[in-house]
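Tertiary structure, described
Here's the letter readout for the chains.
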Amino acid sequence: MKFEDLVNIIKETDNVLKQRALVAVNISITIRNWLTGFYIVEFEQNGDDRAKYGEKLLQKLANELKGKQLKGYSFTNLLQNRQFYKTYPKIVQIIENKHIEIYQTVSDKLNHMQINQTASDKLKEDEYLGVPIVDLVTRLSFSHLLELIKLDDPLKRAFYEIECIKSNWSVRELQRQIGSLLFERTGLSTNKEKMIELANKKASQFLPEDIIRDPYIFEFLGLKQHE
């Protein structure tokens, strides 16, 4: 091994492990927020004292969690987490089947809770429109997913899931493509592949560095974001 080889292999190792660490943190944020949504829905439907809180549940919960010095649990965040769970109930498969090893403890705890099945839960795998759940969680940031849950139409959401992962769109690019009505324009086009190819010509890519700048990362880790 030459000295130049030594430098390069250390650099390559550093880059690979940094990327893995960032991906692991991003997955943890996604799973944490999904579980928060699940816990909220579970309480709303089966909580012993749910009637006491009613429509003020999320605001009271946000205030209580803030008092315990927890970040990332504002009223808006909790509302988003509840919607996230309802939109993607199948994420439970990742936890239950231990697709991601670090969630074994969470999986064991969930075994003692009844997960409420929605219409989406009951869909057969061959009827699920979107990308595989594992890909959804491991290849998209939570910021991507927040944009996707805004889409009420499952077919439209599935289209943007697929194209976002296939073309590696940044969050801003996903917003731009949704805003430009790519789904609708592609549906009307006689050459759908060409339409998507043209849309991707100047598309901004999702890079590992983007994860570092994601405000959810700083909030989750309790770090201050520098201007």
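Residues numbered from 1 in each chain as written. Predicted model: local features only at pLDDT ≥ 70, side-chain atom pairs only at ≥ 80, totals over all residues. Heavy atoms only, no water.

Next up on the list: the overall build of the protein. The number of helices and strands found in the protein is 13 helices and zero strands. When its helices and strands are written in sequence order, the protein yields α-α-α-α-α-α-α-α-α-α-α-α-α. Here the protein holds 227 residues, and 40% of them are scored as buried. When contacts within the protein are restricted to residue pairs at least 6 apart in sequence, long-range pairs at least 24 apart make up 72% of them. Accessible surface computed for the protein: about 14400 Å², of which carbon and sulfur atoms make up 54%. (Helix = DSSP H or I, 4+ residues; strand = E, 2+ residues; numbered from the N terminus. Buried < 20%, exposed > 50% of the residue type's maximum accessible area, 1.4 Å probe, protein only. Contact = heavy atoms within 4.5 Å. Areas by Shrake-Rupley, 256 points an atom, 1.4 Å probe, with all protein chains shown as cover.)

Glancing now at the side chain of glutamate 147. With respect to the secondary-structure elements, glutamate 147 resides in helix H7 (residues 142-148). Engagement of the side chain of glutamate 147 in a polar contact is seen with the side chain of lysine 150, the distance being 3.3 Å. Those residues in contact with glutamate 147, other than ones at most four positions away along the chain, are Val171, Leu174, Gln175 and Ile178. (Polar contact = N/O pair within 3.5 Å; in protein donor to acceptor, adjacent residues only side chain to side chain.)

Side chains that differ in charge, positive against negative, can pair when their charged atoms come close. Counted under the stated rule, the structure contains seven salt bridges. The closest approach of N and O atoms between lysine 166 and glutamate 163, which form a salt bridge, is 3.2 Å. Taken together, the residues lysine 166 and glutamate 163, both in helix H8 (residues 154-167) and three residues apart, mark about one turn of the helix. Lysine 166 sits in the exposed class, given a relative accessible area of 58%. Here glutamate 163 falls in the buried class, since its relative accessible area comes to 5%. The partner of lysine 194 in a salt bridge is glutamate 197, and the shortest N-O contact between them spans 4.0 Å. With lysine 194 and glutamate 197 both in helix H11 (residues 192-199), this residue pair falls three residues apart, about one helical turn. (Salt bridge = Lys/Arg side-chain N within 4 Å of Asp/Glu carboxyl O.)

The next subject is the packing of helix H2 (residues 57-67) against helix H3 (residues 75-87). Between H2 and H3, the shortest axis-to-axis distance is 8 Å and the interhelical angle comes to 120°. Of the possible angle classes, the one that applies to H2 and H3 is oblique. When the axes of H2 and H3 are compared, the crossing they make is right-handed. On the side of H2, the interface is formed by Leu58, Gln59, Leu61 and Ala62, while H3 contributes Phe75, Leu78, Leu79 and Arg82. Tallied by class, the residues present in the contact of H2 with H3 amount to six nonpolar, one polar and one charged. (Axes fitted to C-alpha atoms, helices over the stretch in contact; angles between N-to-C directions. Parallel < 35°, antiparallel > 145°, perpendicular 65-115°, else oblique. Left-handed = near helix turned anticlockwise from the far one by under 90°. Nonpolar A, V, L, I, M, F, W, Y, C, P; charged D, E, K, R; others polar.)

Bringing the nonpolar core into the picture now. Formed by 38 residues in total, the largest nonpolar core has its most connected members in Trp34, Phe84, Tyr88, Ile91, Leu145, Leu148 and Tyr160. For this core, the element with the highest residue contribution is helix H1 (residues 3-46), accounting for eight residues. Once you skip the residues sitting within four places of it in the chain, tyrosine 160 turns out to touch Leu148, Leu151, Trp169, Leu174, Gln177, Ile178, Leu181, Leu182, Phe183 and Glu184. (Core = buried A, V, L, I, M, F, W, Y, C linked by side-chain atoms within 4.5 Å.)

Orientation of H1 relative to H3, taken along the N-to-C sense of each, is 90°, at an axis distance of 7 Å. It follows that H1 is roughly perpendicular to H3 by the angle criterion. Contact residues: Thr30, Asn33, Trp34, Thr36, Gly37, Phe38, Ile40, Val41 and Glu44 in H1; Leu78, Asn81, Arg82, Phe84, Tyr85 and Lys86 in H3.

What follows concerns unusual backbone geometry. In this structure, glutamine 69 is a non-glycine residue whose phi angle is positive, near 65°. On the secondary structure map, glutamine 69 appears in the loop between H2 and H3. The exposure class assigned to glutamine 69 is exposed, which follows from its relative accessible area of 68%. Phi at asparagine 168 takes a positive value of approximately 55°, unusual for a residue other than glycine. Within the secondary structure, asparagine 168 sits in the loop between H8 and helix H9 (171-179).

This paragraph deals with the confidence of the model for the protein. Averaged over the protein, the pLDDT score is 81; the fraction of residues at 70 or greater is 74%. Confidence drops under a pLDDT of 50 for residues 115-126, and excluding neighbours within four residues, the segment shows 19 contacts in the predicted structure. (pLDDT = per-residue confidence, 0-100.)

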